[in-house]
Amino acid sequence: MKILLIGASGTIGSAIEKELAPRHEVVRIGRTGADEHVDISDSDSIRKLFERTGPFDALICAAGNVTFAPLDEMTGDSFALGLRDKLMGQVNLLLIGREFANDGASFTFTTGITSIDPIRTGASASLVNGAIDAFVRAAAIEMPRGMRVNSVSPNVLVEAMDSYAPYFRGFKPVPAADVALAYAKSVEGLQTGQTYRVG
Ligand SMILES: NC(=O)c1ccc[n+]([C@@H]2O[C@H](COP(=O)([O-])OP(=O)(O)OC[C@H]3O[C@@H](n4cnc5c(N)ncnc54)[C@H](OP(=O)(O)O)[C@@H]3O)[C@@H](O)[C@H]2O)c1
């Protein structure tokens, strides 16, 4: 399969590449320093990416930014980054990407445990992650040409605990390699409309 991997240089993305590259052609994508560049918060940038990559069999997005801030300091504007980047970035990858996707292609998005198990400063993350998981369930039943869509909702990663530990006390971190298996299940299996919770 030709797999477009957005966020390939990241903690999750690099584990996905390790899992899938031995069996597939993986195109590494990020804002900087990869085979191809995209900013998922910019629809024009997404369209140009697909015009360069051409048809594909699977798209994985392991990227997405939100604002972390205490709720009592948040205003409506504090949600703008998460809505524009992690939420609509991934939605637009499907809306634009479906024009370029081969029959039976899959889309796999990244959410996170905060949708159901919230943390301090995580209101925007919870909102966005829950929205993407809901979008996946809805989009799956209307996907044409046998196309599929799933999300992966990881717990905090072992490899991210250096910086995230103070925000995730009491959470049991999961190794990136275990998270990567959920992406393999989405890409190489047949399920659709699923949210794979890891850890
Ligand atoms: N790490 C965890 O414990 C954890 C747990 C659950 C969920 N998640 C979620 O998983 C996603 C990835 O997390 P991560 O820890 O692997 O992140 P990371 O290590 O910071 O890597 C992020 C990757 O995404 C790319 N990227 C960032 N913003 C982008 C944009 N607007 N357009 C295109 N590419 C972009 C980065 O490329 P550049 O460096 O070139 O910008 C990088 O390759 C995030 O949405 C995060 O919320 C993470």
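Residues numbered from 1 in each chain as written. Predicted model: local features only at pLDDT ≥ 70, side-chain atom pairs only at ≥ 80, totals over all residues. Heavy atoms only, no water.

### Describing the site of the ligand
Working step 1: Neighbouring the ligand are 25 residues; Ser 9, Arg 31, Thr 32, Gly 64 and Leu 157 lie closest to it.
Working step 2: Take Gly 7: an N or O atom from its main chain is 3.5 Å from an oxygen atom of the ligand.
Working step 3: Between Arg 31 and the ligand, the recorded distance is 2.7 Å, taken from a side-chain N or O atom to an oxygen atom.
Working step 4: Burial of the ligand by the protein chains amounts to 82% of its free accessible area of 900 Å².
Working step 5: Mapped onto the shell around the ligand, the elements with two or more residues apiece are α1 (11-20) and α3 (80-97).
Working step 6: A breakdown of the residues in the shell around the ligand according to their chemical character gives 11 nonpolar, 10 polar and four charged. (Near = heavy atom within 4 Å. Polar contact = N/O pair within 3.5 Å; in protein donor to acceptor, adjacent residues only side chain to side chain. Areas by Shrake-Rupley, 256 points an atom, 1.4 Å probe, with all protein chains shown as cover. Helix = DSSP H or I, 4+ residues; strand = E, 2+ residues; numbered from the N terminus. Nonpolar A, V, L, I, M, F, W, Y, C, P; charged D, E, K, R; others polar.)

### Examining the layout of surface pockets
Working step 1: Roughly 1000 Å³ of internal volume is contained in the largest pocket.
Working step 2: If you list the elements that add at least two residues to the lining of the largest pocket, you get α1, β2 (25-30), α3 and α4 (123-140).
Working step 3: In terms of residues, the lining of the largest pocket owes the most to one element, α1, which gives three residues.
Working step 4: Across the lining of the largest pocket, the residue classes tally to 21 nonpolar, 16 polar and four charged. (1 Å grid on protein atoms, 1.4 Å probe; cavity = no way out; pocket = protein on both sides within 12 Å on 5 of 7 lines; lining within 4 Å. Points joined across faces, edges and corners; volume = space filled by probe spheres on them.)

### Describing the environment of Ala 177
Working step 1: As for its position among the elements, Ala 177 is in helix α6 (residues 176-188).
Working step 2: Along the primary structure Ala 177 and Ile 12 are separated by 165 residues, whereas in three dimensions their C-alpha atoms are 8.3 Å apart.

### Here's the deal with the packing of helix α2 (residues 43-53) against α3
In helix packing, the relevant descriptors are the interaxial angle and the interaxial distance, both defined with respect to the helix axes.
Working step 1: Taken N-terminus to C-terminus, the directions of α2 and α3 make an angle of 45°; their axes are 10 Å apart at the nearest point. Considered as vectors, α2 and α3 are oriented oblique to each other. Of the two elements, α2 crosses α3, and the hand of that crossing is right-handed. For the pair formed by α2 and α3, the contact residues are Ser 43, Ile 46, Arg 47 and Phe 50 on the first element and Gly 89, Asn 92, Leu 93, Ile 96 and Gly 97 on the second. (Axes fitted to C-alpha atoms, helices over the stretch in contact; angles between N-to-C directions. Parallel < 35°, antiparallel > 145°, perpendicular 65-115°, else oblique. Left-handed = near helix turned anticlockwise from the far one by under 90°. Contact = heavy atoms within 4.5 Å.)

### Examining the nonpolar core
Working step 1: Judged by nonpolar contacts, the single largest core of 32 residues is most densely connected at Ile 6, Phe 50, Leu 59, Leu 93, Phe 107, Phe 109 and Val 149.
Working step 2: Contributing elements (two or more residues each) for this core: β1 (2-6), β2, α2, β4 (56-61), α3, β5 (101-110) and α4.
Working step 3: The element best represented in this core is α4, accounting for six residues.
Working step 4: Formed by 24 residues, the second largest nonpolar core is a distinct cluster that contains Ala 15, Ile 16, Tyr 196 and Val 198. (Core = buried A, V, L, I, M, F, W, Y, C linked by side-chain atoms within 4.5 Å. Buried < 20%, exposed > 50% of the residue type's maximum accessible area, 1.4 Å probe, protein only.)

### Considering the environment of Arg 145
Working step 1: Mapped onto the fold, Arg 145 is located in the loop between α4 and β6 (148-154).
Working step 2: Overall, the relative accessible area of 39% leaves Arg 145 in the partly exposed class.
Working step 3: Those residues in contact with Arg 145 that sit more than four places away from it in its chain are Arg 98, Ala 101, Asn 102, Asp 103 and Gly 104.

### Some remarks on the environment of Phe 135
Working step 1: Summarising the element assignment, Phe 135 is placed in helix α4.
Working step 2: Here Phe 135 falls in the partly exposed class, since its relative accessible area comes to 22%.
Working step 3: Separated by 58 residues in the primary sequence, Phe 135 and Gly 193 place their C-alpha atoms 8.8 Å from one another.
Working step 4: Setting aside its immediate chain neighbours within four residues, Phe 135 contacts Val 91, Leu 94 and Phe 109.

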